[in-house]
Amino acid sequence: MSNTKVFPDVTSIIVIAKDLVNYTKACLDSIQLSTKVPYQIVLVDNGSREAARLYYEDYVTKSKMPMSLVRSKINIGFPKAVNAALPHCVGGTICLLNNDTIVTPMWLTKLRGVAKTDPSVGIVGPMGTNVKPPQTIRWDAPKNPGFHQVSEFSSTYSALHEGCFVYTGAVV
């Protein structure tokens, strides 16, 4: 058991990465641009090759975001990588985020808001364009949309569906 102090209003965002530096950088940059509530990032390097490992180390060292780096010399798989990150989390809420995800403005505020609507809710997940139904959003996106195009679509979709929830048997 960790002796880390927990801050209830902070969300610990766990990002698991194995190589794929461009995806991970885009994910982390989008968190910095789009997250306005207190958070920390725990980046788990899950057995990346040396170039990616050095990049992640440098990124975390230079980052203005509250970040820590957990390293595994070998790929231990997603569940064990999450478990390795948990002792480093200081937030009262945990967010598991794939490293190929681009988050958009208000993403974490909205997820936390849904979680607070009912004390029996233990887990929430986002709608997205690349997830299984019923969390799927249809979007005829341009090829390789930029952050601003994704953000614009997300804002429009969110405004049209404000206050709507989809109850599922599983979150993906």
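**Student:** Just to check I follow, could you spell out the pattern of salt bridges for this structure?
**Tutor:** Between side chains of opposite charge, a pair can form when the charged atoms approach closely. On inspection of all chains with the given rule, the structure shows 6 salt bridges. The partner of Lys18 in a salt bridge is Asp19, with the nearest N and O atoms 3.1 Å apart. Among the residues examined, Lys18 registers a relative accessible area of 33% and is labelled partly exposed. When its relative accessible area of 12% is taken as the criterion, Asp19 is described as buried. Its salt-bridge partner being Glu50, residue Arg53 comes within 3.8 Å of it at the nearest N-O pair. Here Glu50 and Arg53 lie together in helix H2 (residues 50–62), a separation of 3 residues that amounts to about one turn. The class of Arg53 is partly exposed, set by a relative accessible area of 23%. The class for Glu50 is exposed, based on a relative accessible area of 52%.

**Student:** Where do I start with the packing of helix H1 (residues 21–34) against H2 in this structure?
**Tutor:** The angle between the axes and the distance between the axes are what describe a pair of packed helices. Two numbers describe how H1 lies on H2: the axes approach to 11 Å, and their chain directions differ by 15 degrees. Judged on the interaxial angle alone, H2 and H1 are roughly parallel. Crossing angle aside, the handedness with which H1 passes H2 is right-handed. Residues Val21, Thr24, Lys25, Leu28 and Asp29 of H1 lie in contact with H2, whose contacting residues are Ala52, Tyr55, Tyr56 and Tyr59. Residues of the contact of H1 with H2, tallied by class, amount to 6 nonpolar, 1 polar and 2 charged.

**Student:** Hey, could you run me through the environment of Val21 in this one?
**Tutor:** Here Val21 is to be found in helix H1. Every residue in contact with Val21, bar those within four places of it in the chain, is listed here: Ala52, Tyr55 and Tyr56.

**Student:** What am I meant to see in the confidence of the model for the protein chain here?
**Tutor:** Close reading of the predicted structure is inappropriate where its pLDDT is low. Looking at the protein chain, the pLDDT average stands at 89 and 97% of residues meet or exceed 70. Per-element confidence in the protein chain is highest for strand E2 (residues 39–46), whose mean pLDDT is 98, and lowest for helix H5 (residues 147–160), whose mean pLDDT is 81.

**Student:** Can you walk me through the environment of Ile76 in this structure?
**Tutor:** In this structure, Ile76 sits in the loop between strand E3 (67–72) and helix H3 (78–85). With relative accessibility at 28%, the residue Ile76 sits in the partly exposed group. Those residues within four positions of Ile76 in sequence are excluded, and the remaining contacts are Asn46 and Ala81.

**Student:** Looking at this structure, how should I read the pairing of E3?
**Tutor:** Each regular strand displays side chains that alternate between the two surfaces of the sheet. With 6 bridges joining them, E2 and E3 adopt parallel strand pairing. Considered in E3, the bridge of Ile41 is made with Met67. In this view, the connection linking E2 to its parallel neighbour E3 by way of H2 has right-handed handedness.

**Student:** Sorry if this is basic, but what is going on with the state of the cysteines here?
**Tutor:** Any covalent bond linking the sulfur atoms of two cysteines counts as a disulfide. Per the counting criterion, the structure on display carries 0 disulfides. With no disulfide partner, Cys27 has as its closest neighbouring cysteine sulfur the one in Cys95, 9.0 Å distant. Given a relative accessible area of 0%, Cys27 falls into the buried group.

**Student:** Mind showing me how you'd approach H2 here?
**Tutor:** Residues lying three or four places apart along an α-helix face the same way, a consequence of the helix completing one turn every 3.6 residues. With 13 residues, H2 extends 18 Å between its outermost C-alpha atoms, agreeing within 8% with the 18 Å of an ideal straight helix rising 1.5 Å per residue. Taken as a whole, H2 has its buried residues at Ala52, Tyr56, Tyr59 and Val60. Viewed end-on, H2 has its buried residues packed into an arc of 95 degrees, placing them on one side of the element. Exposed residues pointing more than 90 degrees away from the buried face of H2 are listed as Glu50, Ala51, Thr61 and Lys62. Residues of H2 that are buried sit in contact with strand E1 (7–17), H1, E2 and E3.

Rules of the game
Residues numbered from 1 in each chain as written. Predicted model: local features only at pLDDT ≥ 70, side-chain atom pairs only at ≥ 80, totals over all residues. Heavy atoms only, no water. Salt bridge = Lys/Arg side-chain N within 4 Å of Asp/Glu carboxyl O. Buried < 20%, exposed > 50% of the residue type's maximum accessible area, 1.4 Å probe, protein only. Helix = DSSP H or I, 4+ residues; strand = E, 2+ residues; numbered from the N terminus. Axes fitted to C-alpha atoms, helices over the stretch in contact; angles between N-to-C directions. Parallel < 35°, antiparallel > 145°, perpendicular 65-115°, else oblique. Left-handed = near helix turned anticlockwise from the far one by under 90°. Contact = heavy atoms within 4.5 Å. Nonpolar A, V, L, I, M, F, W, Y, C, P; charged D, E, K, R; others polar. pLDDT = per-residue confidence, 0-100. Pairing = 2+ DSSP bridges. Right-handed = clockwise from strand over helix to strand, strands pointing away. Disulfide = S-S within 2.5 Å. Expected span 1.5 Å × (residues − 1). Arc of directions from axis to C-beta.

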